[in-house]
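A look at the structure
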Amino acid sequence: MDIESGTDLDIARAMSLRELNSFGLPAQAHTLVRLRRDADVRRMLALPELGTAPKLVLGGGSNIVLTRDPQAVVLKVEVPGARLVAETPEAWIVEFGAGVVWHDAVTWCLDHGLPGLENLALIPGTVGAAPVQNIGAYGLELADRFDSLDAVDLVTGRSVTLDKAACRFGYRDSVFKQDPMDGGLAGKSVITRVRLRLPRPWQPVLGYLDIERRMQETGIAAPDPRTLYDWVCAIRRAKLPDPGRIGNAGSFFKNPVVSAEQCRDIIARDPHLVHYPMGDGRFKLAAGWLIDACGWKGKSIGRAGVYERQALVLVNRGGATGAEVVTLARAIQESVYGRFGIRLEPEPVLL
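These numbers were taken from a predicted model, which means no experiment stands behind them.

Looking at the element boundaries, Gly99 is found in the loop between strand S7 (91-97) and helix H3 (102-111). Residue Gly99 is classed as partly exposed on the basis of its relative accessible area of 24%. Sequence separation of Gly99 and Gly298 is 199 residues, and the distance between their C-alpha atoms is 34 Å. Not counting chain neighbours up to four residues away, the residues in contact with Gly99 comprise Val77, Glu78, Val79 and Thr126.

Moving on to the nonpolar core. Counting 62 residues, the largest nonpolar core has Val33, Met44, Trp102, Leu149, Leu196 and Ile211 as its most contacted members. Per element, the largest residue contribution to this core is six residues, and it comes from helix H7 (residues 225-239). Here Trp102 is in contact with Leu117, Leu120, Ile123, Gly125, Thr126, Val127, Ala130, Ile135, Leu142 and Leu196, once residues within four sequence places are set aside. In this structure, Phe283, Val306, Ala311 and Val336 belong to the second largest nonpolar core, which totals 33 residues.

A few words now on the pairing of S7. Of all the seven residues making up S7, seven are buried; the element is thus mostly covered by neighbouring parts of the structure. Of the two faces of S7, both are covered, the one formed by Ala91, Ile93, Glu95 and Gly97 as well as the one formed by Trp92, Val94 and Phe96. Note: strand S6 (residues 82-87) against S7, five bridges, orientation antiparallel. In the strand pairing of S7, Arg83 is matched with Glu95. As judged from the seven bridges shared by S7 and strand S12 (residues 189-199), these two strands associate in the antiparallel manner. Directly across from Ile93, in S12, lies its bridge partner Arg197.

Glancing now at the sheet that holds strand S13 (residues 247-251). Reading across from one edge, S13-S19-S18-S17 is the order of the four strands in this open sheet, with antiparallel pairing throughout. Lying at the two open borders of the sheet, with one neighbouring strand each, are S13 and strand S17 (300-301). Relative to strand S19 (residues 313-316), S13 is paired through three bridges, and the arrangement is antiparallel. Directly across from Ser251, in S19, lies its bridge partner Val313.

The next point concerns the packing of aromatic side chains. Counted according to the given criterion, the structure contains seven aromatic pairs. Arranged with centres 5.1 Å apart and planes meeting at 70 degrees, the rings of Phe252 and Phe253 form a pair that is edge-to-face. Each member of the pair Phe252 and Phe253 is classed as buried. An aromatic cluster is present here, built from Phe23, Phe252 and Phe253 joined pairwise through their rings. Sitting above the plane of the Tyr229 ring, Arg226 keeps its charged end 5.4 Å from the centroid.

The subject of this paragraph is unusual backbone geometry. The peptide bond linking Arg200 to Pro201 adopts the cis configuration, its omega dihedral lying at -10 degrees. Following the sequence through the fold, Pro201 ends up in the loop between S12 and helix H6 (209-218). If you check the backbone angles, Ala14 has positive phi at about 45 degrees while not being a glycine. For Ala14, the position within the fold is in strand S1 (residues 10-16). Residue Ala14 is classed as partly exposed on the basis of its relative accessible area, which comes to 48%. Phi at Arg172 takes a positive value of approximately 55 degrees, unusual for a residue other than glycine. Position of Arg172 relative to the elements: it lies in the loop between helix H5 (164-167) and S12.

Scoring rules and cut-offs
Residues numbered from 1 in each chain as written. Predicted model: local features only at pLDDT ≥ 70, side-chain atom pairs only at ≥ 80, totals over all residues. Heavy atoms only, no water. Helix = DSSP H or I, 4+ residues; strand = E, 2+ residues; numbered from the N terminus. Buried < 20%, exposed > 50% of the residue type's maximum accessible area, 1.4 Å probe, protein only. Contact = heavy atoms within 4.5 Å. Core = buried A, V, L, I, M, F, W, Y, C linked by side-chain atoms within 4.5 Å. Pairing = 2+ DSSP bridges. Phe/Tyr/Trp six-rings, centres within 6.5 Å; stacked < 30°, edge-to-face > 60°. Lys NZ or Arg CZ within 6 Å of the ring centre and 35° of its normal.

Below is the structure:
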């Protein structure tokens, strides 16, 4: 590892990214810069070699499929920190460094008597990546608990603070994924800190099938925060592989949203369709059910496969390449479209 002369930056050359992406896919960064504070971003931008070069922001590497060596300078965000910054009768405001592991942030809140994130336990990735994707699970999205974030502009080096409206959250979407031509910030900034608003008094979010089943099985109609957290962890562990053992990026496809008419048409052909009503009259379909109905669960193309317990998860069966993952994903998309007329969209970024 080389350190640039005259800077405090941690800069690595010819750095393997296999251990830095949860799929465990082979790729190499020609330059990787570790960012541990806002000032590191400005120091990096001040270097002639790096300042104007294209950048790829990498958090926990859990939302990316590497199909080749990135040409951009890879920015590995490792900003630490966890603290309660405000407490009102209506909410607790907590702040985390963007490099904190998301599940560790959820656990920290619970351990410090600050409930509200339980449904989002065990989602892979870092805190800084959570707003980019507007992560969500079991009836809750990050946007439901978001207060504000700090970011650094990758052109000017200026620090900015964005509130919920400025982040333009959507389903697995935010301003950080949107094209700059449309006012988006994709590739234009790096998130350094995130603040979350945890409502008081705490109210459990229970309107999800797997959680309702746990309530019925246990006879607990009003679970406390720790119980709900334990349930969510158990449900996820039963369905989803540990990236430390089997390479994966969690849920690979977004759950498609369709009109009521489309939903009725599919149910007429497939009465067992798993679907959830949305507040605007549309329905969210379970992508995993659609994939399973097309016979993909447990199947493989090359060394990339569909997880045996959850068809929504694609896995690295050992030595897979990014190209094999993409080939499998496209075959699944074609299969689901051919049967249901639904186009599945990948959640991770395909690079």
